[in-house]
Amino acid sequence: MSGPLLEVEGLKVEFDTWDGRVRVLDGVSLSVSPGETLGIVGESGCGKSMTALAVMGLVPKPAGHVTGGAIRYRGEDLVKASDGRMRDLRGNRIAMIFQEPMTSLNPVFTVGDQIAETARLHLGLSPAEARKRAVEMLRAVHIPEAERRVAEYPHQFSGGMRQRVMIAMALACEPEVLIADEPTTALDVTVQAQIFDLLEELRAAEGTAIVLITHDMGATAEMADRVVVMYAGRKVEEGPVDAILGNPAHPYTQGLLACRPNLQLGHAAARPQLHEIPGVVPPLHLLGRGCAFADRCPRAMPRCGEAFPPAYDVGESHAAACWLLEEARAA
Amino acid sequence: MVEETGDGRPETKARGLWREAWSVFRRNRAALVGLALLAIIALVVVLGPMAYPVDPFDIVGAPKARPGAEAEAPLGTDYLGRDVLAGLIKGGRPTLLVGFCAALITALIGITIGALGGFYGRWVDGVLGRVTEFFQVLPALLFAMVLITLFAPSLLTVTLAIGIVAWTSMARLTRAEYLRIRELEYVRAARSIGASNARIIWRIILPNAMPPIMVSATLATGSAILFEAGLSFLGLSDPNIMSWGLMIGSNRNYLREAWWAVTFPGLAIFVTVLAISLVGDGLNDAFNPKLRTR
Amino acid sequence: MGFAAWLARRIAYAAGLLAAVAILNFSLMHLAPGDIVQTIVGEMGGASEETIAQLRKSYGLDRSFPEQLGIYLGRVATGDLGTSAYYNQPVLNLILDRVPATVLLVVAALGLAITLGTFLGVMAARFPASWLGAVVTIVALFGFSAPVFWSGLMLLLLFASVFELLPASGMYDVAQGATGIAYALDVAYHLVLPAGTLALIYLALYSRLSRASMLEVLGSDYVRTARAKGLSENKVVFKHALRNAILPVVTVAGLQLSAMLAGAVLVETVFTWPGMGQLAFESILRRDNQLILGILLLSAVLVIVGNLLTDAAYRFIDPRIKTGG
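None of these values were measured; they are calculated from a predicted model.

Definitions and limits used
Residues numbered from 1 in each chain as written. Chains lettered and ligands numbered in written order. Predicted model: local features only at pLDDT ≥ 70, side-chain atom pairs only at ≥ 80, totals over all residues. Helix = DSSP H or I, 4+ residues; strand = E, 2+ residues; numbered from the N terminus. Buried ≥ 20, exposed ≤ 12 C-beta atoms within 10 Å, placed from the backbone. Contact = placed C-beta atoms within 7 Å. Rg over C-alpha atoms; globule rule 2.2 N^0.38 Å. Pairing = 2+ DSSP bridges. Axes fitted to C-alpha atoms, helices over the stretch in contact; angles between N-to-C directions. Nonpolar A, V, L, I, M, F, W, Y, C, P; charged D, E, K, R; others polar. Domains from an automatic or database assignment. Core = buried A, V, L, I, M, F, W, Y, C linked by C-beta atoms within 7 Å. Left-handed = near helix turned anticlockwise from the far one by under 90°.

### A word on the overall build of chain C
Helix and strand content of chain C: 14 helices and zero strands. The order of helices and strands in chain C, counted from the N terminus, is α-α-α-α-α-α-α-α-α-α-α-α-α-α. Projected onto its principal axes, the C-alpha coordinates of chain C cover approximately 85 × 55 × 40 Å. For chain C, with 325 residues in total, the buried portion stands at 42%. Look at the contacts in chain C between residues 6 or more apart in sequence, and 73% of them connect residues 24 or more apart.

### So, the overall build of chain A
A count of helical and extended segments in chain A gives eleven helices and twelve strands. For 331 residues, the compact-globule formula gives about 20 Å, and the C-alpha radius of gyration of chain A, at 21 Å, lands near that figure. Dimensions along the principal axes, computed over C-alpha positions, put chain A at roughly 70 × 55 × 45 Å. Here chain A, with 331 residues, has 43% of them falling under the buried criterion. In chain A, the share of contacts with a sequence separation of at least 24, taken over all contacts with a separation of at least 6, comes to 62%.

### Some remarks on the sheet that holds strand S10 (residues 234-240) of chain A
All names here are of chain A. Spatially, eight strands are ordered S6-S7-S8-S3-S9-S10-S12-S11 in an open sheet, and the strand pairing comes out mixed. This sheet does not close on itself; its edge strands, each paired only once, are strand S6 (94-97) and strand S11 (311-315). Strand after strand, the sheet turns through a mean of 20 degrees between neighbouring axes, direction not considered. Bridge analysis of strand S7 (residues 177-181) against strand S8 (residues 209-214) gives five bridges, and the strand direction is parallel. Across the sheet, the residue bridging to Leu178 is Ile210, located in S8.

### Brief notes about the interface of chain C and chain B
If you look at the interface, chain C gives 37 residues, while chain B gives 34 residues. Every element with two or more residues in the side of chain C that touches chain B is listed here: helix H1 (3-31), helix H6 (132-145), helix H7 (148-162), helix H11 (257-270), helix H12 (276-285) and helix H13 (289-317) of chain C. Partitioned by chemical class, the residues of the side of chain C that touches chain B number 31 nonpolar, five polar and one charged.

### Quick notes on unusual backbone geometry
At A:His142, a residue that is not glycine, the phi angle is positive and equals roughly 60 degrees. With respect to the element layout, A:His142 can be found in the loop between helix H4 (127-140) and helix H5 (146-149). Residues other than glycine seldom take positive phi values, yet C:Arg287 does so here, at roughly 50 degrees. Along the chain, C:Arg287 turns up in the loop between H12 and H13.

### A closer look at the domain arrangement of chain C
Residue and element names in this part refer to chain C. Assigned domains within chain C: domain 1 (3-77) and domain 2 (100-317). With centres defined by C-alpha atoms, the gap from domain 1 to domain 2 works out at 34 Å. Taken together, the contact pairs twelve residues of domain 1 with nine residues of domain 2. If you list the elements that add at least two residues to the side of domain 1 that touches domain 2, you get H1 and helix H2 (36-44). Looking at the side of domain 1 that touches domain 2 element by element, the count peaks at nine residues for H1.

### Thoughts on the nonpolar core
Formed by 264 residues in total, the largest nonpolar core has its most connected members in A:Ala168, A:Val211, B:Ala144, C:Tyr202, C:Ile295 and C:Leu296. In terms of domain composition, this core takes at least three residues from each of domain 1 (3-77) and domain 2 (100-317) of chain C.

### Observations concerning the packing of H12(C) against H13(C)
Residues and elements named next belong to chain C. Running from N to C, H12 and H13 point in directions that differ by 145 degrees, and their axes come no closer than 9 Å. For H12 against H13, the interelement crossing comes out left-handed. Where H12 approaches H13, its residues Met276, Leu279, Ala280, Ser283 and Ile284 are matched on the opposing element by Leu291, Ile292 and Ile295. Across the contact of H12 with H13, the residue classes tally to seven nonpolar, one polar and no charged.

Here is the structure:
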């Protein structure tokens, strides 16, 4: 298949709050092709998860609304799709795993039932077939003694094992797109690596397109082919993973990269201080017309507060939205 | 929506919460209606008997006179010819008095037991937990009835009886709050600077556990009023003091002929408890702003 | 812990609790001014010292308090609750005659309140923008605030006097003398008003509780997971959310049993329903101590059994308890 499998274009999402209507996503565009892993990075509250929920058609109602843009899956606009059509796609063609494996599984059903449910719903399997499928899936995500554990309840699994169950559940119908929303944030570091290995293995085997949402630049470096950097509901930079990590163009991306602890061992005295971006993501209802990052940006200029910059190409399929780039070009 | 204190004085955590709670409460129409109703009821109960000095035990006219039929009794007379309006005005006193005092006892017992159990844990909690469970198993109304008949029905025995049987839910709630709060940073901090247990229990944890306790105490007042009304309805209160429950109880056999003598006192109880419930709900919303979904 | 071991532990614990209840009640009766002999003597219009002493002896009142308590507990342990002074019949028989009526009333009311209340609450949470939320709020406020005996009398006025649709009192029509199914129908007909009245309070409680619980569960991560699977909203609500949302409702149902019995006493009085509550009320007025002690003890038994059933139901619904962890 040529062209992207999933394409988000100019997506706008707004929420009704006590302080009035707030724009949570403003013109977000991204795409992912079969077999590709797209990383979406940014601090908490920047709209990464909301983008994922919007793709799933799960923007919390009645407060949230998709007010503009398109989400195209194989050319079909999901923003306009009926609830029934969305249910057909969810968990079937487009699946999602969440940040909190401890609370994302229903405590009163066995893990087998929860995996089988998806298979029965979308693949029309009989209860016995669905159960077999559940065991298969548990094996596929390397859960030992799958036949026995399929009848156990979530509280009998550790956090890492639960995330494996979540992945098994998401993959039960062999989706074309898997959205992983901070899948390892709540897990131990060693378990994180195992989960990433598992995702990588499944992508290689099934050709699943993966959208990996994370704030961990290390995970991004390891997993992603391309990266989208988001800040305060907007995309600020996009490009191939090497370009983003090696040659970040946006001050925010540069800041994010500088925050990574440098793991080169050696003289403690020579070790550079851990960097941090000063300040926090501003409350969305306080956003002005200009660049939302301006308040925290070390290189902010007067015009940054006046208008949001357009995206400038800085390399092959690498673009960033920052006035500095125009200055550089003009110079 | 955090309000600035203005004078720059550091606001304690608890006090800021109260202030914000009031600002939320003030915007809750139902709660304000409840508060206004309570004020009116209190006014009528306290000052009413002076403005309308008819003895509710006096026979003022023909029995079972309809409301409006006799000038002496605007709301009619009961099965003996006693003034229903006089009963309504005078009968609120014992009901409210017993209700508030019993709720106070309930709160005192419940908070003490819950606080000690939740704070000390271990065997203290074990013993107090058993005691609480014991009182939960006792059939509350029957036990109160027995207490009252054994020790002669008077407002005091009724109040004590209600207080003794009704404190368990308050204790459970307080205990849960103490269990939660005793692990928080500021309690540990107080401990680390050597605050005594008594100080931590009553001066540090209690103010922070107060919001849910206040809500519960408000609702307990409503329950105690209903409890008192039930006892007087059964004739298990001081027979020489007119109360709303007693009016219903003594007139209930004449329900068909004199419905007003049963309906009005019941309405009085209903409106009183309703007002208290509205205030309680308002407090609950005010203390838990996150529950106000959308 | 297996079910049998759990049950054995609970029963042993319940026995201890009941012993404590029995001791407290007996001590209280002992502490209270006046006793059965004084009552009898009062009714006889006075008696000689000798007669009084004899009476005291026949009631075992000449012994020390610990002795009396020991004798009482020993009797209770063998199932002998003594003899009613007023009816001159074994207390246990008198109570057991009345238990079915009360249990019928309470179970009917509780069943009605739980099913209807949960349904209302769940639907109000399922359709948050609809008028159902207002219905739940109003029902809840009414149920919490209206004294149960008064709402009973109002219903009685409305349905038995004004419209004459339902019987005002009793449990069955004596004149009819029906048997079998006709009798059951007659009882059900008489049950409508008392059970409806008693259900009103708990309808309020359960509708409010289940709505709050449901709203909380609907915001949980696993419900989001269920939605992400592509399940229909009805499946999400009624399969994934309901079973979790029902847990606090079950817990509270157990805690309310004692209050429910209190309500039953008042409702039985209003509708002259021949249950334990009526018997209790009469025996308290008559100071029929043995009967009172027996009723208090058996009420505690009912509450404990109810709690036990609640816990069993809880274990059945929530797998986390069964397997520990």
